[in-house]
Amino acid sequence: MSIRKALTIAGSDSGGGAGIQADLKTFQELNVFGMTAITAVTAQNTLGVDAVYPMSLEAIEKQIDAVATDIGTDAVKTGMLFSGEIIELVVSKIKKYNWSQIVVDPVMIAKGGAALLKQEAIDAMCQYLLPIATVITPNIPEAEELTGISINTWDDRKLAAEKLYELGAKNVIIKGGHGSGDLLIDLLFDGKNYTELQSKRFSTKNTHGTGCTFAAATAACLANGKSMEESFRIAKDFVYYAIKEDLHIGNGHGPTNHWAYQKQQNHSMK
Ligand code: PXL
């Protein structure tokens, strides 16, 4: 069996719940060999982000080159990219290496409000990153920021998805975690069809890193050769169980449970 690989280009979360740590745990659980190019190091725990240290452009470039020139990858996931110049570098490398399964999580702000992307970088994201995205996975505030559309109704959400598609993303998933109500509905738009996936909304503060985990699960599934819709369904299930079986780590917004999906699969096979 050939081993499928995925590369995450993202920030490090010392607390282990989000960023590259969440990505690697997710890749591992979904049977994909995970690799990293770290764009920034954050000092943080479940209570918040204490400091952000962006890596130099050279350090980011060398990490991507090292992976590309020896190992290669079947999918790329981008997370915290911090600045316009990092976005431009990452896009030029993705083009240079002809990578084609690109999951863009447009990370902007941490739960406590710390900026993980400079305001000036939003233009670069729209101009350079969206056109190479196989799929972009914003939450509602991120979709609003990227499109300028304020999302209050289901039609607003569809309109924002269409706008992100027009900006160049081949598929758009607008997640519903920031909505309200008993049901959490995520929306996929592929340029023609809409797919809505519903699940129960849990009342828990342990949701740190759900966005990273969702995008990493999507990238792992694409690396494994699954279709966009199937990848969407598996990523949704992965995050559902990760929130449902929360771990209660730390005193603030705790991480999700990256083991839960596999445990569920193993039980249901018995
Ligand atoms: O969940 C967004 C996110 C992404 N990447 C890093 C983070 C966070 C949230 O805190 O720290 C590195």
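Rules used throughout
- Residues numbered from 1 in each chain as written.
- Predicted model: local features only at pLDDT ≥ 70, side-chain atom pairs only at ≥ 80, totals over all residues.
- Heavy atoms only, no water.
- Helix = DSSP H or I, 4+ residues; strand = E, 2+ residues; numbered from the N terminus.
- Rg over C-alpha atoms; globule rule 2.2 N^0.38 Å.
- Buried < 20%, exposed > 50% of the residue type's maximum accessible area, 1.4 Å probe, protein only.
- Contact = heavy atoms within 4.5 Å.
- Lys, Arg positive; Asp, Glu negative; His and termini not counted.
- Charge placed at Lys NZ, Arg CZ, Asp CG, Glu CD.
- Core = buried A, V, L, I, M, F, W, Y, C linked by side-chain atoms within 4.5 Å.
- Phe/Tyr/Trp six-rings, centres within 6.5 Å; stacked < 30°, edge-to-face > 60°.
- Lys NZ or Arg CZ within 6 Å of the ring centre and 35° of its normal.
- Near = heavy atom within 4 Å.
- Areas by Shrake-Rupley, 256 points an atom, 1.4 Å probe, with all protein chains shown as cover.
- Nonpolar A, V, L, I, M, F, W, Y, C, P; charged D, E, K, R; others polar.
- Axes fitted to C-alpha atoms, helices over the stretch in contact; angles between N-to-C directions.
- Parallel < 35°, antiparallel > 145°, perpendicular 65-115°, else oblique.
- Left-handed = near helix turned anticlockwise from the far one by under 90°.

Hey, could you run me through the overall build of the chain in this one?
Regarding its fold elements, the chain presents nine helices and nine strands. Expected size for 270 residues packed as a compact globule is a radius of gyration near 18 Å; at 17 Å, the chain falls within 12% of this value. Residue burial in the chain is summarised as follows: out of 270 residues, 54% are buried. Partitioning the contacts of the chain with sequence separation of at least 6, the portion at a separation of at least 24 is 68%. Across the chain, the mean location of the 25 positive side-chain charges is 5 Å away from that of the 30 negative side-chain charges.

Is there a simple way to explain the nonpolar core in this structure?
Side chains of a nonpolar character, in soluble globular proteins, are inclined to be buried together. Counting residues in hydrophobic clusters, the biggest one holds 51 residues, and the most contacted among them are I87 and W99. Not counting residues up to four positions away in its chain, the partners in contact with I87 are L81, L117, A121, A124, M125, Y128 and L129.

How should the packing of aromatic side chains be read in this particular structure?
Any aromatic ring pair is given by two values, namely how distant the centres are and how the planes are angled relative to each other. In this structure the tally under the stated criterion is seven aromatic pairs. With centroids separated by 5.3 Å and ring planes inclined at 45°, the aromatic side chains of F202 and Y240 adopt a geometry described as tilted. Of the two residues, F202 sits in the loop between β9 (194-200) and α7 (210-223) while Y240 sits in helix α8 (residues 228-244), which places them 38 residues apart along the sequence. On the basis of relative accessibility, which here comes to 22%, the residue Y240 falls in the partly exposed class. Judged by centre distance (5.3 Å) and plane angle (40°), the rings of F238 and Y261 are tilted. Taken together, the positions of F238 in helix α8 and Y261 in helix α9 (residues 260-269) put the pair 23 residues apart, joining distant regions of the chain. Exposure class is identical for F238 and Y261. Each is buried. K158 extends its terminal NZ or CZ atom over the ring of Y194, reaching a point 4.6 Å from the ring centre.

Mind showing me how you'd approach the site of the ligand here?
Taken together, the neighbourhood of the ligand is formed by G11, S12, A18, G19, Q44, M80, V107, A110, L116, H208 and C212. Look at the ligand: alone it shows 310 Å² of surface, and the protein chains cover 91% of it. For the shell around the ligand, the residue count by class is six nonpolar, five polar and no charged.

In this structure, what is going on with the packing of helix α3 (residues 84-96) against helix α4 (residues 121-129)? I would like to understand it.
In a pair of packed helices, the angle between the axes and the distance between the axes together describe the arrangement. Axis separation between α3 and α4 bottoms out at 8 Å; the angle between their running directions is 15°. When the interaxial angle is binned, α3 and α4 end up roughly parallel. The handedness of the crossing between α3 and α4 is right-handed. Listed contacts from α4 to G84, I87, E88 and V91 of α3 are A121, A124, M125, Y128 and L129. Partitioning the contact of α3 with α4 into residue classes produces seven nonpolar, one polar and one charged.

I'm lost on unusual backbone geometry in this one. Help?
Trans is the prevailing form of peptide bonds, just as negative phi is the prevailing case for residues other than glycine. Positive phi, normally seen in glycine, also occurs at N98, with a value near 60°. Looking at where N98 falls in the secondary structure, it is placed in the loop between α3 and β5 (102-104). For N98, a relative accessible area of 66% corresponds to the exposed category. The phi torsion at H248 lies on the positive side, around 60°, for a residue other than glycine. Summarising the element assignment, H248 is placed in the loop between α8 and α9.

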